[in-house]
Amino acid sequence: MAENFNQHSDVSAADLARLSQEAKSEATPSTARIIWDEFKADKPAMVALVIIVGFILFVMIASLFINTPQMMQTDIMNYFDKPGTDGLLLGADSGGRSVAQQLIVGSRNSIGIALGLTAISSTFGICWGLIPGYYSGYIDWGMQRVYDFMMMLPMTMMIIVLVTIIPHYNAITLTLIFSIFYWEGTSRLIRSRTLAESQKDYVAASKTSGTSNLKIIFREIMPNISSLIIVDTTLSFAENIGVETGLSYLGFGLPPQTPSLGTMIANANDPNNITQYWWTWLPAALEIIILCLSISYIGQVIRRAADASQRQGAAD
Amino acid sequence: MWKTILRRILIMVPEVIILSILVFLLAKAMPGDPFTGSINPKADPAQLHHLMKLNGLYDPWYQQYWHWVVHLFHGNLGQSYQYQEPVTRLIAGRATNTLWLTGFSMILTYALALPMGVFAGRHEGKLPDTVIRVYTYVTYCIPFFVILVLGIWIFGYVFGWFPTTGSISTNATTWLQTIGSRFYHILLPAILGALFGTVNIVQYLRSEVIDAKRSDYVRTARAKGVPRKDIYRHHIFRNSLLPIAAFAGYSITGLLNGSIFTETVFSYPGMGLLFVNSISYRDYTVITALVLIYGILNLLGTLLSDIILTLVDPRIRIE
């Protein structure tokens with residue numbers, strides 16, 4: 001291409017190399033690059049990122065070495081062991097089960113479900129926002145009515161009812177049930193942004209030159225609002241951790257034999273546990289708080305990176 | 001404007017109908033029936049069948065649905081199998097409790113959020129603004145039930161300042177004591193709900209105030225020599241008040257949905273706790289009634305907000 005170009009122009013090879021070098025250095029940096037610069041400029045954000053990535057990796061790997069059924073076996077000798085006794089780092093609960101091990105496996109389950117829920121509900125929400133936002137008219141009207149209806153449903157109650165209906169529910173069905181109800185926020189956000197984006201010239205130009213609608217939606221509009229999508233996905237991940245743990249806390253999430261951060265906090269429902277045996281539930285509660293704060297903080301940093309006027313990591 | 005509101009209400013009708021069908025079918029799909037619990041060696045199977053038949057539990061679903069709807073319009077939501085009491089009376093009793101809690105929570109939320117929002121907007125970019133921003137950020141991220149559990153632990157058990165269960169003390173005899181005890185029981189959950197429910201209002205009010213600060217009418221007022229305090233109180237705050245009032249509808253729905261957690265943690269006998277209990281007893285009639293009530297309250301909440309917004313913002317009216 002470059003040689004071909006050279007044959008028909010007066011620009012020498014050296015000039016061309018210099019020009020393309022200049023063009024490259026002056027080009028807008030990629031989204032990933034901007035986000036990374038933003039993290040480098042903001043030390044607390046870097047700490048949060050390291051904590052989150054390190055913690056998730058630790059939990060995922062460590063839980064591989066824990067035999068869950070064996071861990072969940074009752075051991076009366078360790079009944080409410082204090083932290084530090086009998087070689088149990090965080091003590092034991094009413095069944096003599098190690099709290100530290102439950103915490104690791106529980107975190108893996110809770111984070112795993114939150115990740116799955118985020119992946120499914122965000123994908124669905126993005127589509128449910130892009131399509132009505134782009135087409136408007138009847139399609140928009142119809143899809144908005146579905147959205148309105150879903151907004152009306154009392155979410156927590158519906159999930160609880162569905163969980164009791166499904167005969168053999170496990171982590172996967174649970175994630176699917178949650179996903180039915182948690183796409184509205186994303187959809188609303190993406191739709192309003194797509195509405196604005198569809199009015200822009202490049203969309204009109206693509207339409208005129210005969211690009212198919214689907215291609216315009218997913219190859220042109222979606223990349224242009226990608227920063228919004230990344231921010232929203234991060235923030236909903238933090239929120240979704242609360243969704244599963246909350247339902248498990250009420251007793252309608254993961255079954256009791258499967259540890260989750262929520263079921264561990266549910267230990268606090270017993271007035272004896274909450275006062276005397278604080279180690280059975282407090283670590284899980286603190287962990288959720290730290291996780292949610294760190295993840296949302298990362299989300300805030302990415303949001304800042306997406307908005308050029310607020311960037312701090314500025315090599316511009 | 002009336003046209004917009006009317007259209008909005010007309011859309012609600014099919015939504016409520018679909019919701020009622022959905023709720024009814026889901027309740028029917030739940031495993032077990034209200035009499036499974038009474039099966040024991042002494043129970044006569046024929047008698048149980050008779051009971052099932054008497055309650056119309058063998059009819060096809062659309063017939064049962066139709067009966068249910070007809071009864072609904074007569075104000076009869078059926079009989080609770082668990083409490084042996086008409087559902088309407090049962091829920092009415094619980095609803096008062098939930099409304100007390102939700103209402104008080106709402107008042108506290110606004111009492112906290114309004115000054116904070118104006119204050120943050122007024123001192124944009126300075127220390128108070130940063131503090132309030134961090135506060136809203138923290139309260140927004142942490143799942144509400146974790147806060148409830150920590151709150152009841154610290155203030156209910158460790159310090160013992162607040163009661164940890166129930167809605168009213170058994171010792172309360174005079175009406176003054178009754179009200180006092182009632183108030184005392186909802187104080188902690190309401191404060192927690194308010195502290196952690198201010199985010200939307202604060203952020204909205206803050207950006208309203210920041211926008212208003214740069215608008216012409218404020219500059220004119222400044223030029224006339226109106227004191228800064230009066231500008232905030234009479235000009236900016238007045239203008240932002242109606243859209244903020246519109247948040248009330250959304251706030252109510254948020255608080256109601258949170259009530260399931262609040263009432264479970266504090267063992268507060270409201271509709272949320274009733275729902276959780278009814279689920280474990282498969283008390284269909286109560287479950288369907290509650291989901292329907294919550295759905296309709298959600299609708300009314302959003303309707304209220306939309307109507308206020310339509311009044312305030314003519315652009316919405318045209319759409």
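Residues numbered from 1 in each chain as written. Chains lettered and ligands numbered in written order. Predicted model: local features only at pLDDT ≥ 70, side-chain atom pairs only at ≥ 80, totals over all residues. Heavy atoms only, no water.

Asker: What should I look at first to understand the overall build of chain A in this one?
Answerer: Looking only at helices and strands, chain A has 16 helices and 0 strands in total. Burial analysis of chain A (316 residues in total) assigns 47% to the buried set. Here chain A has roughly 15,700 Å² of accessible surface; of this, 62% comes from carbon and sulfur atoms. (Helix = DSSP H or I, 4+ residues; strand = E, 2+ residues; numbered from the N terminus. Buried < 20%, exposed > 50% of the residue type's maximum accessible area, 1.4 Å probe, protein only. Areas by Shrake-Rupley, 256 points an atom, 1.4 Å probe, with all protein chains shown as cover.)

Asker: Please explain the UniProt feature "transmembrane region" (unreviewed entry) in chain B as it appears in this structure.
Answerer: All names here are of chain B. Mapped onto this numbering, the UniProt entry gives "transmembrane region" (unreviewed entry) at residues 9-27, 99-122, 134-162, 182-205, 241-266 and 286-312. Secondary structure content for residues 9-27 is 100% helix and 0% strand, while the C-alpha to C-alpha distance between its ends is 27 Å. Regarding residues 134-162, the helix share stands at 79% and the strand share at 0%, and the terminal C-alpha atoms are separated by 28 Å. (UniProt positions renumbered as here; feature names shortened; annotations may be inferred.)

Asker: Sorry if this is basic, but what is going on with helix α16 (residues 282-306) of chain A here?
Answerer: Since there are 3.6 residues in each turn of an α-helix, residues three or four apart along the chain are aligned in direction. The terminal C-alpha atoms of α16(A) lie 36 Å apart, and with 25 residues this matches the ideal 36 Å at 1.5 Å per residue to within 8%. For α16(A), the tally of buried residues reaches 18 of 25 residues, placing the bulk of the element in the interior. (Expected span 1.5 Å × (residues − 1).)

Asker: Teacher, can you tell me more about the interface of chain A and chain B here?
Answerer: By a frequent convention, interface size equals the accessible area lost on bringing the separate parts together. Contact residues are listed per partner, giving 38 residues for chain A and 38 residues for chain B. In this assembly, chain A packs against chain B so that about 3,500 Å² is buried in total across both faces, 83% of it on carbon and sulfur atoms. On the chain A side of the contact with chain B, F149(A), M152(A) and M157(A) bury the most area, a combined 18% of that side's loss. There are 0 salt bridges connecting chain A and chain B. Taken together, the connections running from chain A to chain B amount to 4 residue pairs in polar contact (both at pLDDT 80 or more). If you list the elements that add at least two residues to the side of chain A that touches chain B, you get α7 (137-152), α8 (155-165), α13 (226-250), α15 (271-275) and α16 of chain A. Per element, the largest residue contribution to the side of chain A that touches chain B is 9 residues, and it comes from α16(A). Taken together, the residues of the side of chain A that touches chain B break down into 27 nonpolar, 8 polar and 3 charged. (Contact = heavy atoms within 4.5 Å. Buried area = accessible area lost by both parts, 1.4 Å probe. Salt bridge = Lys/Arg side-chain N within 4 Å of Asp/Glu carboxyl O. Polar contact = N/O pair within 3.5 Å; in protein donor to acceptor, adjacent residues only side chain to side chain. Nonpolar A, V, L, I, M, F, W, Y, C, P; charged D, E, K, R; others polar.)

Asker: Is there a simple way to think about the packing of aromatic side chains in this case?
Answerer: Centre distance and the angle of the planes are the two values used to describe a pair of aromatic rings. Applying the stated criterion across every chain yields a total of 18 aromatic pairs over all chains. Centroid distance Y65(B) to W68(B): 6.0 Å. Interplanar angle 45°. Geometry classified as tilted. Placement of both Y65(B) and W68(B) in helix α3 (residues 61-73) is noted, with a separation of 3 residues, approximately one turn of the helix. When its relative accessible area of 13% is taken as the criterion, Y65(B) is described as buried. A connected cluster of aromatic rings, assembled from ring pairs, spans F124(A), W128(A) and W183(A). Sitting over the face of the ring of W141(A), R145(A) holds its NZ or CZ atom 5.1 Å from the ring centroid. (Phe/Tyr/Trp six-rings, centres within 6.5 Å; stacked < 30°, edge-to-face > 60°. Lys NZ or Arg CZ within 6 Å of the ring centre and 35° of its normal.)

Asker: Which parts of the structure should I look at to understand the packing of helix α4 (residues 87-122) of chain B against helix α7 (residues 175-195) of chain B?
Answerer: Residue and element names in this part refer to chain B. One can describe the packing of α4 onto α7 by two numbers: an axis separation of 8 Å at closest approach and a directional angle of 50°. Viewed along their axes, α4 and α7 adopt a mutual orientation that is oblique. α7 is crossed by α4, and the crossing has right-handed handedness. Across the interface between the two elements, N97, W100, L101, F104, S105, L108, T109 and L112 of α4 pack against R182, F183, I186, L187, P189, A190, I191, G193, A194 and L195 of α7. Taken together, the residues that form the contact of α4 with α7 break down as 13 nonpolar, 4 polar and 1 charged. (Axes fitted to C-alpha atoms, helices over the stretch in contact; angles between N-to-C directions. Parallel < 35°, antiparallel > 145°, perpendicular 65-115°, else oblique. Left-handed = near helix turned anticlockwise from the far one by under 90°.)

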